[in-house]
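# Remarks on the overall topology
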Amino acid sequence: MIDEKKALWIYKTMKEIREFEETAWTLFTENKLRGSVHLYTGQEAVAAAICSQLTDEDYITSTHRGHGHCIAKGARLDFALAELMGKATGYCKGRSGSMHIADFNKGNLGANAIVGGGLPIATGAALAQKMQKKNHVTVCFFGDGASNQGTFHESINLASVWKLPVIYVCENNEFGMTVPVSQSTSVRNISDRAKGYGIPGETVDGNDVEAVFDAFARAKERALRGDGPTLIECKTYRWRGHWTGDPETYRDREVTEEWREKRDPISLFRTCLKARNLVSDAALDAVDTAVAEEMRKAVEFAESSPEPDAAHVMDDVFYEG
Amino acid sequence: MAVISYAQAIRKVIAEEMRRDERVFLMGEDVEKLGGVFGTSRDLFKEFGTDRIRNTPISESAIVGAGLGAACAGMRPIAELMYWDFAFVCADQIFNQVCKTRYVFGGNAIIPLVIRGQQGTGRGNAATHSQSVESIFMHIPGVKVACPATPADAAGLLRTAIRDDNPVCFFEHKALYITKGEVPDDPEFSIPFGEAVIRREGSDVTIVANLLYVSRALEAADELAKDGISAEVIDPRTLVPFDYETVEESVRKTGRLVVVHEAHQVNGWGAQVITEVGKRAFRYLDAAPIHLGAKSCPLPFNLALEQAVIPSVKDIVDACHAVSYR
Ligand SMILES: Cc1ncc(C[n+]2csc(CCOP(=O)(O)OP(=O)(O)O)c2C)c(N)n1
């Protein structure tokens with residue numbers, strides 16, 4: 001169950017992600033950001049509801065659409081934005097940009113620009129947790145498209161056989177780039193694939209914080225009991241194009257508008273909190289103001305940060321003590 | 001002759017070859033409505049239908065492996081990898097299957113398969129989307145390797161690739177797609193594999209370069225001319241087969257050799273060229289050849305860092321000065 005404290009945390013996290021993504025969008029259109037930038041706007045409920053149940057000891061692996069996971073797993077907006085701008089003060093010294101960002105200190109094993117690349121890594125992190133008898137879990141975020149990679153099959157089968165404490169979270173936002181799921185994927189519900197691995201699979205409304213929260217709570221409990229992995233499919237929608245610059249000719253603008261207007265996970269959560277009388281509107285408004293201020297400072301920080309020094313470009317290829 | 005872009009040249013040849021031979025088809029991620037990330041198949045589904053311009057799931061092993069299977073069974077597939085970096089996702093299908101099928105089955109198979117895609121730096125795509133990986137495909141025997149540097153070469157080499165009865169890995173560079181040049185209208189225009197081209201004649205030093213580095217080598221040659229050094233620039237165009245003769249002949253004349261590519265320097269294809277020239281023309285060399293390539297670290301996101309990892313025009317100029325002792 002979501003209590004008041006968790007509710008506030010989730011709300012704040014969703015707001016942070018939204019502000020961050022929309023700021024990134026603006027910066028991109030102003031030519032202050034470059035490279036491949038994939039925005040998470042519209043999917044905030046998934047990262048926030050799930051990461052609200054994780055500690056720094058729990059791991060996640062993320063994707064090319066990873067800013068949301070990164071922030072929900074504890075990243076600071078300023079260091080994250082600095083990374084997107086390739087600055088020396090960024091989480092990865094300006095080497096990663098949007099697609100390879102990580103903060104191992106927070107249990108974030110990284111975004112992954114290879115579709116499906118994170119699934120085996122999450123599986124291995126869970127293996128380590130099990131071998132070390134740690135009472136923690138690993139969450140593997142990936143897209144619908146990634147579920148068609150060989151790594152999906154290999155990883156989930158392995159995790160099932162070895163009963164690893166990993167939760168596979170598929171964010172089905174209806175498209176893999178320009179290709180609709182119906183054209184690329186053999187099942188309507190990706191969670192159906194769980195059957196093939198002898199594990200529970202569940203499809204939930206990914207824009208409904210409570211639904212995602214509860215499904216994850218069950219999966220986490222199962223993982224901690226030693227019963228193995230779960231596959232959760234969160235049906236959601238990305239508001240922005242696949243990448244910043246996507247002409248979006250492959251989908252209906254009206255459908256996108258409808259998702260924005262009727263299925264905004266943040267407004268839906270606000271309504272839900274009101275109905276439950278859990279957090280006051282005033283408290284939520286205060287969060288909005290604080291997050292806007294945090295974002296403003298992050299932009300200031302990132303813009304005024306120094307560029308990395310090319311003299312260190314060869315550092316970190318190997319660990320040298 | 002029409003002036004068209006490198007991307008348009010590729011699209012043109014795919015379309016012409018598909019018209020000519022119904023066994024030719026294209027499959028890959030987002031090749032249909034999007035027409036590929038760089039428009040190399042834009043609108044082709046309108047003419048050929050989605051049966052022959054086929055969107056695939058994000059499943060590189062299946063894309064390449066199905067290409068191999070379809071080729072063995074009588075089709076002439078063009079399998080597109082959105083980025084050549086993703087070849088590592090399907091490395092087994094390429095290196096253990098495509099490369100070896102004909103040989104291990106005692107010559108049973110004919111494999112008219114083209115695997116094509118783009119690679120390289122310049123768009124801030126960072127470590128897993130900016131590599132230049134063509135050298136590896138020269139290292140593992142069994143595939144031909146083409147690397148066009150101009151729109152005309154893209155057209156001529158791609159036609160040869162599609163008509164070849166062997167698997168061909170076709171490396172396009174993302175920064176070249178928007179470059180323009182004259183391309184013959186003739187739908188039979190092709191360029192044979194294994195024929196290097198001399199992009200600029202010179203007498204003092206030979207520069208061998210491919211893909212994006214052909215234009216950088218030409219820039220360097222302009223600089224060098226100001227210093228009174230006459231550089232000859234050779235573009236091998238295909239790495240397998242490789243036209244060592246043209247390079248050898250040039251080195252016999254100039255006595256000096258610089259090889260430059262965006263691929264990592266260590267064990268990059270330039271090392272093979274220098275080995276071969278050493279064998280063929282050692283006594284003509286007046287200086288130890290210089291081999292330039294990307295530093296031994298992954299490609300960083302930040303633009304200045306990325307530039308620091310790959311060779312600059314100045315690096316090429318300096319290398320030519322060094323082998324010329326002036
Ligand atoms: C191995 C690999 N293949 C292709 C790509 C290019 N690509 C990047 S994102 C993407 C779509 C991914 O779809 P999905 O997994 O559903 O995630 P979403 O973008 O919808 O969040 C593709 C094809 C890639 N980065 N890696």
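Keep in mind it's a predicted model, so treat the numbers as computed, not measured.

## With respect to the pairing of strand β4 (residues 76-81) of chain B
All names here are of chain B. Within β4, six of the six residues are buried, leaving the element largely enclosed by the surrounding structure. Residue alternation in β4 divides its side chains into two sets, R76, I78 and E80 and P77, A79 and L81, and both sets are buried. Pairing geometry for strand β2 (residues 24-28) and β4, over five bridges, is parallel. If you follow V24 over to β4, its bridge partner there is R76.

## Regarding the interface of chain B and chain A
Taken together, the contacts link 31 residues of chain B with 34 residues of chain A. Among the residues of chain B in contact with chain A, I58, F301 and L305 of chain B are the three that bury the most area, contributing 26% of the side total. Applying the counting criterion to the chain B and chain A interface returns zero salt bridges. Where chain B meets chain A, there are ten residue pairs in polar contact (both at pLDDT 80 or more). With four residues, helix α11 (residues 303-309) of chain B is the largest single contributor of residues to the side of chain B that touches chain A. For the side of chain B that touches chain A, the residue count by class is 17 nonpolar, nine polar and five charged.

## Side note on the domain arrangement of chain B
All names here are of chain B. Taken domain by domain, chain B comprises domain 1 (2-183) and domain 2 (197-325). Counting residues at the interface gives 30 residues for domain 1 and 27 residues for domain 2. Carbon and sulfur atoms supply 63% of the area that domain 1 and domain 2 bury against each other, a total of about 2100 Å² over both sides. Its largest share of buried area at the contact with domain 2, domain 1 owes to T121, M138 and C147, together 26% of the area lost on that side. Where domain 1 packs against domain 2, one counts two salt bridges. With a shortest N-O distance of 3.1 Å, R237 and D153 are connected by a salt bridge. Connecting domain 1 to domain 2 are 13 residue pairs in polar contact (both at pLDDT 80 or more). Secondary-structure elements contributing two or more residues to the side of domain 1 that touches domain 2 are α6 (134-139), β6 (144-146), α7 (151-163) and β7 (168-173). At four residues, the largest contribution of residues to the side of domain 1 that touches domain 2 is made by α6. When its residues are assigned to classes, the side of domain 1 that touches domain 2 shows 15 nonpolar, eleven polar and four charged.

## Some remarks on the nonpolar core
Grouped together as the largest cluster of nonpolar side chains are 106 residues, with contacts concentrated most on W84, I94, F137, L158, I207 and V247 of chain B. When residues of this core are assigned to their parent elements, the largest contribution, eight residues, is made by helix α1 (residues 6-20) of chain B. Summarising the domain contributions, this core has at least three residues from each of domain 1 (2-183) and domain 2 (197-325) of chain B. Sequence-distant contacts of V247 of chain B, that is, excluding residues within four places in its chain, are made with V208, I234, F242, L257, V273 and V277 of chain B. In this structure, A49, C92, I101 and A111 of chain A belong to the second largest nonpolar core, which totals 62 residues.

Definitions and cut-offs
- Residues numbered from 1 in each chain as written.
- Chains lettered and ligands numbered in written order.
- Predicted model: local features only at pLDDT ≥ 70, side-chain atom pairs only at ≥ 80, totals over all residues.
- Heavy atoms only, no water.
- Buried < 20%, exposed > 50% of the residue type's maximum accessible area, 1.4 Å probe, protein only.
- Helix = DSSP H or I, 4+ residues; strand = E, 2+ residues; numbered from the N terminus.
- Pairing = 2+ DSSP bridges.
- Contact = heavy atoms within 4.5 Å.
- Buried area = accessible area lost by both parts, 1.4 Å probe.
- Salt bridge = Lys/Arg side-chain N within 4 Å of Asp/Glu carboxyl O.
- Polar contact = N/O pair within 3.5 Å; in protein donor to acceptor, adjacent residues only side chain to side chain.
- Nonpolar A, V, L, I, M, F, W, Y, C, P; charged D, E, K, R; others polar.
- Domains from an automatic or database assignment.
- Core = buried A, V, L, I, M, F, W, Y, C linked by side-chain atoms within 4.5 Å.

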